[in-house]
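Geometric and topological summary
Residue strings, one per chain:
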Amino acid sequence: MRTLLMNSPHFPPPTTVRMLVHRNAINFCRNILMKKAVNSRVVFRSDLSQPIHDVDLVITIGGDGTLLQASHLMDDSIPVLGVNSDPTRPDEVEEFSEEFEATRSTGYLCAATANNFEQMLDDILDNRSEPSELARIAVNLNSKPISTSALNDVLLAHPCPSRASRFSFRIMKNGELSSSLLHSRSSGLRVSTAAGSTAAMLSAGGLEMPILSKELQYMVREPISPGLTSHLMHGFMKSDEMMDVTWYCREGFLYIDGSHVVHSIQHGDTINLSSRAPKLKLYLPPHLLSHNV
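Residues numbered from 1 in each chain as written. Predicted model: local features only at pLDDT ≥ 70, side-chain atom pairs only at ≥ 80, totals over all residues. Heavy atoms only, no water.

The name given to the protein in an unreviewed UniProt entry is NADH kinase, with the source organism recorded as Sesamum indicum.

Here it is, written out as structure tokens:
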């Protein structure tokens, strides 16, 4: 098996301790791979900009941010295993909550830590574990596809947070309307996958979705005087539906997975969003799969 180990060079404070923990996790994983006679190479995520090919497995070491960036360079042909290199310790958070922010890496989508990495790898090598397929968002800007698929969410918003965003949107299915055309003045529009439904979408009042759902969830952020259409500002798109958005501000930004990928948009631009992007093959933590039942 040929593997690519992708890891993050960025460390939150206290830097020295967490840098050491992260480096130890990288070295630990490399040693396990060597022991199993698995060919591997290590790449820092800041050095990786081209699509990932010619490997059988990608192992990301860091947190969800490292996994997200790797996913942007992958299609549905290579599975990913996320290793949380510095998981949060509840006892530490409780002990130091009055002194500093003791939360470490969340690693929501990471199935492994240093503690169970060898067992996870054995299960993969012996075909006892299968990756799950997660929906991603395909984005077209003015009918041209954007190469990056969103694993978490897409946000359309004005560059200035205090300025209103003006746009219209509608849901389409097989070229026909599934919803009426809605006009909005608001803080923007967010569309999330099931994987992203526990992030900003949930914080904004959205709903957590089963991790393997192929539907997309959308929410108009802070709509201004929605009136009789208020109940239409939040909803879901089925896997065979898509959303057409027309942007009516002089300027704006299209954010893919937070600030990882950003595209400028302007008045009259059209954006098409759907779940037709290639799925991401990801080994998931067991508790996420149990919630899907």
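Additional details are given in the paragraphs that follow.
Below, the discussion takes up the overall build of the protein. Counting its regular elements, the protein contains six helices and 19 strands. Counting across all 293 residues of the protein, residues that qualify as buried make up 46%. In the protein, the proportion of contacts linking residues at least 24 apart, taken out of those at least 6 apart, comes to 69%. If you sum the accessible surface of the protein, you get close to 14,500 Å²; carbon and sulfur atoms cover 50% of it. (Helix = DSSP H or I, 4+ residues; strand = E, 2+ residues; numbered from the N terminus. Buried < 20%, exposed > 50% of the residue type's maximum accessible area, 1.4 Å probe, protein only. Contact = heavy atoms within 4.5 Å. Areas by Shrake-Rupley, 256 points an atom, 1.4 Å probe, with all protein chains shown as cover.)

One finds V139, V191, M243, L254 and I271 to be the most contacted residues of the largest nonpolar core, which totals 28 residues. Each residue touching V139, except ones within four places of it in the same chain, is listed here: K144, P145, I146, V154, L254, I256, I271, N272 and L273. The next biggest cluster of nonpolar side chains, apart from the first, holds 24 residues, and it includes L48, A70, L151 and A195. (Core = buried A, V, L, I, M, F, W, Y, C linked by side-chain atoms within 4.5 Å.)

What follows concerns the packing of aromatic side chains. Across all of its chains, the model carries four aromatic pairs by this definition. Ring centres 5.8 Å apart and planes at 65° place the aromatic pair F169 and Y218 in the edge-to-face group. Of this pair, F169 sits in strand β9 (residues 165-173) while Y218 sits in strand β13 (residues 216-221), and the two are 49 residues apart along the sequence. Residue classification places Y218 among the buried positions, given a relative accessible area of 9%. An aromatic cluster is defined as three or more aromatic residues linked by ring pairs; in this entry it consists of F167, F169, Y218 and W247. (Phe/Tyr/Trp six-rings, centres within 6.5 Å; stacked < 30°, edge-to-face > 60°.)

Our focus in this paragraph is the sheet that holds strand β3 (residues 57-62). If you trace the six strands from one edge of the open sheet to the other, you get β2-β1-β3-β4-β19-β5, paired in mixed fashion. Strands at the two margins of the open sheet, each flanked by one partner only, are β2 (39-44) and β5 (132-134). When strand polarity is set aside, the average angle formed by the axes of neighbouring strands in this sheet is 30°. As defined by bridge partners, strand β1 (residues 2-7) adjoins β2 across six bridges and the pair is classed as parallel. Paired with M6 across the bridge in β2 is V43. Across the sheet, helix α2 (residues 64-71) lies against β1, β3, β4 (80-84) and β19 (280-283), angled at about 145° from β3, the strand it touches most. Running over the sheet, helix α4 (residues 117-125) touches β3, β4 and β19 and is turned about 170° from β4. (Pairing = 2+ DSSP bridges. Axes fitted to C-alpha atoms, helices over the stretch in contact; angles between N-to-C directions.)

Right, let's get into α2. Restricting attention to buried positions, one finds in α2 the residues T66, L67, L68, A70 and S71. Contacts from the buried residues of α2 go to β1, β3, β4 and β19.

An order of β14-β13-β12-β8-β16-β17 is seen for the six strands of this open sheet, with the pairing classed as antiparallel. If you trace the sheet from one side to the other, it starts and ends with β14 (234-237) and β17 (261-266), each paired once. Neighbouring strand axes in the sheet, compared pairwise and without regard to direction, differ in orientation by 15° on average. Where strand β12 (residues 188-192) and β13 come together, five bridges link them in antiparallel fashion. Within the sheet, the bridge partner assigned to L189 lies in β13 and is V220.

Scanning all chains against the criterion turns up eight salt bridges. The partner of D122 in a salt bridge is K36, and the shortest N-O contact between them spans 2.8 Å. Within this pair, whereas D122 is found in helix α4, its partner K36 is found in the loop between α1 (15-35) and β2, the two being separated by 86 residues in sequence. Residue D122 is classed as buried on the basis of its relative accessible area, which comes to 19%. (Salt bridge = Lys/Arg side-chain N within 4 Å of Asp/Glu carboxyl O.)

Attention shifts here to the pairing of strand β15 (residues 241-247). In terms of burial, β15 is largely enclosed, as five of its seven residues are buried. Pairing of β9 with β15, which is carried by seven bridges, proceeds in the antiparallel orientation. Looking at β15, one finds that R170 is bridged to D244. Sheet topology note: the β15/strand β18 (residues 270-274) ladder contains five bridges and is antiparallel. Note on β18: the bridge partner recorded for V245 is I271.

To continue, consider the side chain of S129. With respect to the element layout, S129 can be found in the loop between α4 and β5. Owing to a relative accessible area of 17%, S129 belongs among the buried residues under this scheme. Discounting chain neighbours no more than four positions away, the residues touching S129 are D123, I124 and Y283.

Summarising the element assignment, I59 is placed in strand β3. Separated by 56 residues in the primary sequence, I59 and T3 place their C-alpha atoms 7.0 Å from one another. Residues within four places of I59 in sequence aside, it is in contact with T3, L4, L5, M6, L33, L81, V83 and F117.

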